[in-house]
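Read off the chains here:
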Amino acid sequence: MDTRVHDVLLVGGGGAGLRAAIAVAETNPGLSVAVVSKVYPMRSHTVSAEGGAAAVVRDEDSLEAHAYDTISGGDWLCDQDAVEAFVREATREMVQLEHWGCPWSRQPDGRIATRPFGGMKIERTWYAADKTGFHMLHALFQTTLRYPPIKRYDEFFVTRLLVDDGRCQGVVALEVATGKVQALLAKAVILCSGGGGKVFPFTTNANIKTGDGMAMAYQSGAPLKDMEFVQYHPTGLPFTGILITEAARAEGGWLLNKDGYRYLQDYDLGTPSPTPVKRSMELGPRDRLSQAFVAESKAGRAIPTPYGDVVHLDVRHLGEAVIDKKIPFVRELCLKYQKLDPVKEMIPVRPVVHYMMGGVATDLDGATPVAGLFAAGEVACVSINGANRLGSNSLTELLVFGARAGRAAARFAGAQPDPSSALVAQAADEERRLHRDFLGRTDGTERVADIRSEMQQAMEAGAGIYRDEESIQVAATKVAALRQRFRRVALQDSSRTFNTELVSALELSNLLDLAEVILASAAARRESRGAHQRTDFPERDDEGFLAHTMARQGEDGRPRIEFDPVTITTWPPGERVYGR
Amino acid sequence: MSDTVTMEVLRYRPEEETEPTYESFEVPVQPEWMILDGLNHIKDQLDGSLSYRWACRMGVCGSCGMLVNGRPVLTCATYMESLLPGPIRVEPLRGFPVIRDLVGDITDFMGKLAAVKPYIVREEEKPVEEGEYLQTPEELAEYKQYSMCINCMLCYSACPIYRIEPDFIGPAAIALAQRYNLDSRDEGAQERMDVLSQHAGIWGCTLVGECSEVCPKDVDPAGAIQRYKVSATVDFFKSVLMPWRKE
C-alpha cells in the first residue's frame, strides 16, 4: 500500500477547494497541503457558473440589505449568524480575487461593475461577462501555482474517509490512470467536492457532480443537513439542461408563455415593467419562478416539445450590442446547443435541477461534527442558503467559507499528532473491497447505466418541484430496490488503467445514498418552504418546522432524521414579499 | 426509428494489447446529439469499458477534446448530424501519449502551463483593504481574449511544431503568458519573457495559425505568439543596442 502523508488534504479542486488550499498555505506556510481531485482542477464544475457573485460594494447598499435578501430568499431557514459572517466577509474575498487577477467586468472609470440578480433588492452581483465561474476558477487555479506547498493529486478518486478514534485522518484514493489504491493521510481533511445534481435526470450539473463528499461524510458519521432542498433553476435549455443564466433576465429578459404573456404577474411576483425591477417578476427568486412554470404548464399555457413543456425567454429587445457585451455566452450556448440566435429568436427554457442547498452540516469555520473533517462550498450546509439559494450567492460562498475552512483546518492541523498508522490497514481493506465488489467479481448482472437512469427518473417523479407523501414513498421504495440491485452490479471493464466504469459505479453508490437521504428528509418535512413544496402540506409551518433536518446513517444503513434549531439573530420569520 | 451511423473508435487497453485498434459501433443519430452523446450511448448501452473524459457538456470545462475525423474538436460541441453519413472516426488528441482508449496524458501540458507563471506578479501588492485595482473596460479588453482559454489542448493537437519539437511551450501556454503580460495589474512580463525565451521552438513557429483555427473559444493563440515574437524581438534589440535600459 502506497501511503502519503500531508497536513491538510482538500477533496475537490473547484473554487472552494482551491480557495481553501491558498488559505491553508497563507495561514501556515510550513504545512503540507494537497488538493485531491477526480478531475484536473480547471474541469471542476465551478467552471460552468455564469451570472456572477454577490458582495456589497455600492454606496447605496448595506450588509444588512444583503443579509435580508439572503434570509428572506431562503424562506427563513438560513442560519443568520452564518449569513452575517458571509455578507461581512464577501467583499473582502471578492477584492482578493480581483487582486489575484480575476477579470471582473468594469465600470468606465475602472471600478468593479455590478448587475442586478434574482431576489436581490440592490445591485451587488459582480460578474465577468457571463462566464464568472470560469474566470474565478481559472484565476484561483493559476494563483495556486504561486504556492509551492500546494501539491496536487489530479484524477484521484477518493473512495472513503479514514476515521480513527473519532478523528478524520485522511482518505483512500484511487489513482484513475493506474488503478492504484493509495492511503493519503492527513491531520485535517476539507471536503470541497460540490453537490450531486446527477441524482436527477435533467440537470445543469456536470457529469462529475455525484455528491461524493456528501455521501462519504454521511458514511463516516457526519450529518447531512436540509437535503430535501434541491434548487430548480427556472431557465435551462430543453434536452441538454444547459443553464441560461439569470443574468439574461437581470439585463432585461422576459419570461413568456405560449401566448407571449409575461405570466409571472399571475403568481404574486409583481407587475410587468419594460425594464427590470429588482425583487420583482423575472427577478424573483428561483424557487418561485420554477413553481410558477409548473402551474403554467399544468394550465396548458406552456409550449410542448419532445423534451417536455417549455416557456420562452425573450432577450431580443435588448439588441445585439447588449447581448454581445453582457451575455455573450448565452448567445454562444444558444447558437451551439439550441441552433438559434437569441438576437432574433426566443429561447425555449424549462426548470432544471441546479443546486443543493443542503449538505454536510458545518459550523461557521467549516468544521463538521467529525473532528478533523471540514467542508465548504456546495458540499457543505452552513447554512446561508436555507430553503432556497439566491443566484450569485454560491460563488461568493465558496470563497468566504473556503477561506474560513482553510484557515480553521490549518490551525487544527497545526495542533494534531501525526495520523495513526492503524489507518493503513483500513486503506488495505478498502482496496480489497474494490476488488471484491467490482473489479474481480464475475457473478454480477446489473448495469451501472440502468440503475443510474432508473434512480434519476424515480427522483424526478418522487421528489421534483412538487412532492407529497405518496410520491416520496414510491420513490423511496424504488431507490431501496435499486440499492439491492446495485449489490449485483457487473462491470464490463476489469482493467486497472483509467477504468471510468469503476469510477461510475462508485459514483452511483454515492448517488444512491444521496437519493435515500433526500427522500427521507423530504418525507420528514411536512410543510412547504422554499424549494421544498409538499402538495399535501402546502403552507409553511414555523411552529413545527422552523428547523433543519439532520440526516445520519443508522445502524441499519438507513437515514435517521432529527431536527436542529435554526439560528435566528436579527430577522424574525416573516412573509416573503416579491414585486409589491 | 432513427438513423444510425458507424462510429469507429480508437481502442487501446495497455493491459491487453500493445497496439491501438479501431472498434466500430452502430450508434443512433438524433438531431440534438453531439459526438459525446454518441460516445455516451456506446458506454451506457453497448460497451461499458470505453474510456474517455467529459464533464460539463457545455463547452467550458475543456475535458472532452478528441480527434473527430482527424480534426481536433470538443466532442460536446460537434453535432453527429454534421458528419453524416459517416463513418465517424474518433481518436484521442494527437500529440499526447495515450493512457487508454480516448484518454491522453496531459502532464506535459500542465507543466508548461505552470512554467509561464500564469498569475499576477507585482513588485508590491496593494492591501486588500484598499480595494480593487482600477482597470478600465479598455484595459480589460487588452487581455480579455487571451483569458478565455479553457485548456482543452486542441491547439496543441493541431500544432505542427509541438509534434516535432516536444519542448515547444505551445500555443495555449504562450496565450496565457500574454494574458497576464497584457493585464494592467501585472508587472511580470519580463519574468515570463525569460521563461519563454528559455524554451525551444518558439522561433520555429511559422504562424500557420492552425492553433487559432481549431480554438473553440476564439482565443487566437497564433496572434498571441505573434505579439510575443514582436515584443521579444524589441526586447532583444533593446538589450543589445541600449544595454542600460535593461534592468
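Only a predicted model underlies this, so the values are computations on that prediction, with no experimental measurement involved. (Residues numbered from 1 in each chain as written. Chains lettered and ligands numbered in written order. Predicted model: local features only at pLDDT ≥ 70, side-chain atom pairs only at ≥ 80, totals over all residues. Heavy atoms only, no water.)

Q: Just checking my understanding: could you explain the overall build of chain A for this structure?
A: A tally of helices and strands in chain A yields 15 helices and 23 strands. In terms of C-alpha radius of gyration, chain A reaches 23 Å, essentially the compact-globule figure of 25 Å for 580 residues. Judged by the C-alpha coordinates and their principal axes, chain A covers about 65 × 55 × 50 Å. Per-residue burial over chain A gives 68% buried out of 580 residues. If you take every contact in chain A between residues at least 6 apart in sequence, the share linking residues at least 24 apart comes to 75%. Counting every atom, chain A has about 17800 Å² of accessible surface; 50% of that belongs to carbon and sulfur. Positive and negative charge centroids in chain A, built from 67 and 75 side chains respectively, lie 3 Å apart. (Helix = DSSP H or I, 4+ residues; strand = E, 2+ residues; numbered from the N terminus. Rg over C-alpha atoms; globule rule 2.2 N^0.38 Å. Buried < 20%, exposed > 50% of the residue type's maximum accessible area, 1.4 Å probe, protein only. Contact = heavy atoms within 4.5 Å. Areas by Shrake-Rupley, 256 points an atom, 1.4 Å probe, with all protein chains shown as cover. Lys, Arg positive; Asp, Glu negative; His and termini not counted. Charge placed at Lys NZ, Arg CZ, Asp CG, Glu CD.)

Q: What's the story with the environment of Leu63 of chain A in this structure? I'm lost.
A: Residues and elements named next belong to chain A. Looking at where Leu63 falls in the secondary structure, it is placed in helix H2 (residues 63-73). Along the sequence, Leu63 and Ala461 sit 398 residues apart, while their C-alpha atoms lie 40 Å from each other. Non-local contacts of Leu63, meaning those with residues more than four positions away in its chain, are made with Val56, Val87 and Arg88.

Q: Whenever I open this one, the packing of helix H1 (residues 15-27) of chain A against helix H4 (residues 132-144) of chain A confuses me. Can you help?
A: Residues and elements named next belong to chain A. Taken N-terminus to C-terminus, the directions of H1 and H4 make an angle of 30°; their axes are 9 Å apart at the nearest point. The interaxial crossing formed by H1 with H4 has left-handed handedness. Taken together, the residues of H4 that come into contact with H1 (itself represented by Gly15, Leu18, Arg19 and Ile22) are Leu137, Leu140, Phe141, Thr143 and Thr144. Classifying every residue of the contact of H1 with H4 gives 5 nonpolar, 3 polar and 1 charged. (Axes fitted to C-alpha atoms, helices over the stretch in contact; angles between N-to-C directions. Left-handed = near helix turned anticlockwise from the far one by under 90°. Nonpolar A, V, L, I, M, F, W, Y, C, P; charged D, E, K, R; others polar.)

Q: Looking at this model, I keep getting lost on the nonpolar core. Mind explaining?
A: Nonpolar side chains in soluble globular proteins generally cluster together in the buried interior. Membership of the largest hydrophobic core comes to 261 residues, with the highest contact counts inside it found for Val8, Ile190, Ile347 and Met459 of chain A together with Met7 and Leu39 of chain B. A per-element tally of this core places helix H14 (residues 500-524) of chain A first, with 14 residues. Viewed by domain, this core spans two of them, domain 1 (4-104) and domain 2 (107-241) of chain B, each represented by three or more residues. Setting aside residues up to four positions removed in sequence, Ile347 of chain A forms contacts with Leu237, Ile244, Val311, His312, Leu313, Val315, Val330, Cys334, Leu340 and Pro342 of chain A. (Core = buried A, V, L, I, M, F, W, Y, C linked by side-chain atoms within 4.5 Å. Domains from an automatic or database assignment.)

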